[in-house]
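# Report on the structure
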Amino acid sequence: MEMQSRNREKTYYKLLFYVAMIAAIFVFFCTYFITRGAAAGSILYIDIHDTFMDFFNSVVNTAVDPYADAGIIYPPLCTIFYRAILHMISPNVFQEIIIDATPAAQPEELKLFQGFWIPFILYAAITFIIFIIALERFKGGKLSEKILFIAVLLLSSPVLFLFERGNILFVALISSILYFSLYDSEKKWKRELALICLAVAFAVKIYPIVFGVLLLRDKRWKEILRLIVYCIVLFVLPFFMFNGFESMKLFIKQLMGVSSSQGTAMTFGGQLNFSKSFMYINEMLGWDIPNLQSAAQFFNWLLTGLAIISLFILKERWKVAAVGAALIAGFPGMSISYVLVFFIIPIVLLLDSNERNKILNYVYLFFMIVMIMPKVFLDAEMGGGSRYIGGKLDSFAFMGIVLLAIGESVIYLACQISKWGEIKKGFCLGIILGCLTAVIVVQIFVCPGAWYYTEDKYEKLFGQDSNLVAVTKNSSGKIMDQYISETEAMEELFGEEYYLAFNTAVLEDNEAHSAKNLLSHFD
């Protein structure tokens, strides 16, 4: 045994991960201090007044029919949880600040009331404690390494962003971690608990069900049937706490509506998906593709389909988890960058594996580090941090993981068919890596302006001398990218000039954060 330990090849996966993460965290905090907090805009939400509002908005929306009146897109299990939180808030406090519970964006002043804060503090404390316990159980190695790993993850970009939003995705993440942690347990009840955890993750955010591919790969047919039952119990039955099938119909309609409207819209909040990655490539290379949005959607479905096939070909579980996490980020029409927390799972699996040194494995790890490390991009014009650039990097990173996985799968199948040697296999991998490197080099050094904005688009709308250009040219795309494409009502009201009208309204009234507020502003 001692001889085997001595002969074991030394790997540098952990060294690369910890050095890169600690260095990135150090740079972030230094920049945060130097810029007096402005660097936070590189990883946190664009609206500095909206912190934790994913939680508070969702709680308030349950005061009415969440699907018929508020039009929410949360599954019913989440809505039941938020309604339980609502019952912890005094009606007097609620009525003092909330006038209308139907808008998705509620008044930020509610955060001045203790009655709203106490339930959130309890929720945040409990989820963080369970998150740390789940990570400690999932991560192998010595206690000192576990502490270091948990520390760098708590300071990673998607975890900080997820906490800043107060989003219930934390529950889906914890459930997914527990699923992987208990999946191979020798105890039957723990394996059953793993199925329940995956069903909870599905009932909270739907897309983590992709991790159920492990059951298909391992041909655990009975467990798959039980998982289906758990999913029905946790996802379908809760709709009958509201209006049953009518609520389910509204939920699906509203979810599909948001997904289709945001799928190829160049909005700030939903930049992370395969469609937008395609559009970024089109933008930076200056292609003139007719019907670009349809082409981008086709690319999304094509890449998703090939990625799903690769899930059944890849041998390493950590790669399967990495592709699954990439699908969670890349397939939905609207995918916010905090969903990158799911890459925690493949990182743990890789660091704890006995993988030998392979260049391709380091490339996978590099992409995953890029996505979770706190990245600082400062906008000289607007004097703050920019999440827009980091979002593009993240998009290319998880698309790179999927392309590598697809490339590996194709090469594996080709080798199985034609018995290619290692030289040809390495040659093909070299071509794939070369193409990815070329894309990144062109993006950064040849046309870096595309990382920020499309200048001609704004100047055509507002004119070169308009001060509106300065506002829309900020790298976060705050006005143009977050708000413009969210409603057809604005276009019907203002016609082709609604862009100009919208930006004018925002300049004059900082509270014009939604279509409803905008319309009331002009009324």
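Residues numbered from 1 in each chain as written. Predicted model: local features only at pLDDT ≥ 70, side-chain atom pairs only at ≥ 80, totals over all residues. Heavy atoms only, no water.

Helix and strand counts for the chain come out as 26 helices and 2 strands. The buried share of the chain, reckoned over its 523 residues, is 50%. Taking contacts inside the chain between residues at least 6 apart in sequence as the whole, the part at least 24 apart equals 73%. When the accessible area of the chain is evaluated, it comes to approximately 24800 Å², of which 64% is carbon and sulfur surface. (Helix = DSSP H or I, 4+ residues; strand = E, 2+ residues; numbered from the N terminus. Buried < 20%, exposed > 50% of the residue type's maximum accessible area, 1.4 Å probe, protein only. Contact = heavy atoms within 4.5 Å. Areas by Shrake-Rupley, 256 points an atom, 1.4 Å probe, with all protein chains shown as cover.)

Here we take up the nonpolar core. In terms of nonpolar packing, the biggest core is built from 134 residues, with Phe 17, Phe 116, Tyr 179, Phe 343 and Met 368 touching the most fellow members. Ranked by residue count, the leading element in this core is helix α18 (residues 359–372), at 11 residues. (Core = buried A, V, L, I, M, F, W, Y, C linked by side-chain atoms within 4.5 Å.)

Moving on, we get to the environment of Phe 113. Along the polypeptide, Phe 113 turns up in the loop between α5 (91–97) and α6 (114–138). Along the backbone, Phe 113 and Ile 97 are 16 residues apart, and their C-alpha atoms lie at a distance of 8.8 Å. Other than its neighbours up to four places away in sequence, Phe 113 contacts Val 93, Glu 96 and Ile 97.

Moving on: the packing of aromatic side chains. One pass over the full model with this rule turns up 43 aromatic pairs. The aromatic ring of Tyr 183 is capped on one face by Arg 220, whose charged end is 4.0 Å from the ring centroid. (Phe/Tyr/Trp six-rings, centres within 6.5 Å; stacked < 30°, edge-to-face > 60°. Lys NZ or Arg CZ within 6 Å of the ring centre and 35° of its normal.)

On to the pattern of salt bridges, then. A complete count under the given rule lists 16 salt bridges for this structure. Residue Lys 14 pairs with Glu 145 through a salt bridge whose shortest N-O separation is 3.1 Å. Within this pair, whereas Lys 14 is found in helix α2 (residues 13–34), its partner Glu 145 is found in helix α7 (residues 143–154), the two being separated by 131 residues in sequence. Glu 145 gets classed as buried once you look at its relative accessible area, which sits at 13%. A salt bridge links Asp 394 to Lys 375; the shortest N-O distance between them is 3.1 Å. (Salt bridge = Lys/Arg side-chain N within 4 Å of Asp/Glu carboxyl O.)

Together, Leu 225, Ile 228, Val 229, Ile 232, Val 233, Leu 237, Phe 240 and Phe 245 give the surface a local cluster of nonpolar side chains, amounting to about 770 Å² of exposed area. For the nonpolar patch, the element with the most residues is helix α12 (residues 221–236), which contributes 5 residues. (Patch = residues over 30% accessible without salt bridge, like charges linked within 9 Å, V, L, I, M, F, W, Y side chains within 5 Å.)

On to the packing of α2 against helix α17 (residues 344–351). Following both chains from N to C, one finds α2 and α17 inclined at 140 degrees, their axes separated by 9 Å at the closest point. Here α17 runs oblique to α2, going by the angle between their axes. Between α2 and α17 the crossing geometry is left-handed. Across the interface between the two elements, Tyr 13, Lys 14, Phe 17 and Tyr 18 of α2 pack against Ile 347, Leu 350 and Leu 351 of α17. Looking at the contact of α2 with α17, its residues break down into 6 nonpolar, no polar and 1 charged. (Axes fitted to C-alpha atoms, helices over the stretch in contact; angles between N-to-C directions. Parallel < 35°, antiparallel > 145°, perpendicular 65-115°, else oblique. Left-handed = near helix turned anticlockwise from the far one by under 90°. Nonpolar A, V, L, I, M, F, W, Y, C, P; charged D, E, K, R; others polar.)

Here we take up the packing of helix α3 (residues 53–61) against α6. Direction vectors running N to C along α3 and α6 enclose 120 degrees, while the axes themselves pass 11 Å from each other. In the crossing of α3 with α6, the sense of the turn from one axis to the other is right-handed. For the pair formed by α3 and α6, the contact residues are Phe 55, Phe 56 and Val 60 on the first element and Phe 116, Trp 117, Pro 119, Phe 120 and Tyr 123 on the second. Its residues assigned to classes, the contact of α3 with α6 comprises 8 nonpolar, no polar and no charged.

Interpretation of this model should avoid reading the predicted coordinates in detail wherever pLDDT is low. Here the chain shows a mean pLDDT of 79. Residues at 70 or above account for 74%. Scored below 50 in pLDDT, residues 266–270 makes 24 contacts in the model with residues more than four places away or belonging to other chains. Note that pLDDT drops below 50 for residues 502–523; the model gives that stretch 36 contacts with residues more than four away or on any other chain. (pLDDT = per-residue confidence, 0-100.)

Time to look at the side chain of Asn 300. Mapped onto the elements, Asn 300 comes out in helix α15 (residues 292–311). If we ignore the near neighbours within four places in the chain, the residues touching Asn 300 are Phe 274, Ser 275, Gly 330 and Phe 331.

This brings us to the environment of Leu 365. Its location among the elements puts Leu 365 in helix α18. Using a relative accessible area of 0% as the deciding quantity, one classes Leu 365 as buried. Here the alpha-carbon distance between Leu 365 and Leu 16, two residues 349 residues apart in the chain, equals 8.5 Å. Residue contacts for Leu 365: discarding those within four places in its chain leaves Tyr 13, Leu 16 and Leu 350.

Bringing helix α8 (residues 157–165) into the picture now. For α8, the tally of buried residues reaches 7 of 9 residues, placing the bulk of the element in the interior. Gly 166 lies just past α8 and shows a positive phi near 70 degrees.

So, about α7. With 12 residues, α7 extends 16 Å from end C-alpha to end C-alpha; this agrees with the ideal 16 Å at 1.5 Å per step. For α7, the complete set of buried residues consists of Glu 145, Lys 146, Phe 149, Ile 150, Val 152 and Leu 153. Projection of α7 onto a plane perpendicular to its axis shows the buried side chains occupying an angular sector of 165 degrees, all on one side. Opposite its buried face, α7 presents the exposed residues Leu 143, Ser 144 and Ile 147, each directed more than 90 degrees away. Summarising the contacts, the buried residues of α7 are in contact with α2, α6, α8, α17 and α18. (Expected span 1.5 Å × (residues − 1). Arc of directions from axis to C-beta.)

Not every positive phi belongs to a glycine, and Arg 36 is a case in point at roughly 55 degrees. Turning to its location among the elements, Arg 36 is positioned in the loop between α2 and α3. Located in the positive-phi region is Lys 219, a residue other than glycine, with phi close to 55 degrees. For Lys 219, the location among the structural elements is in the loop between α11 (213–217) and α12. Residue classification places Lys 219 among the exposed residues on the basis of a relative accessible area of 58%.

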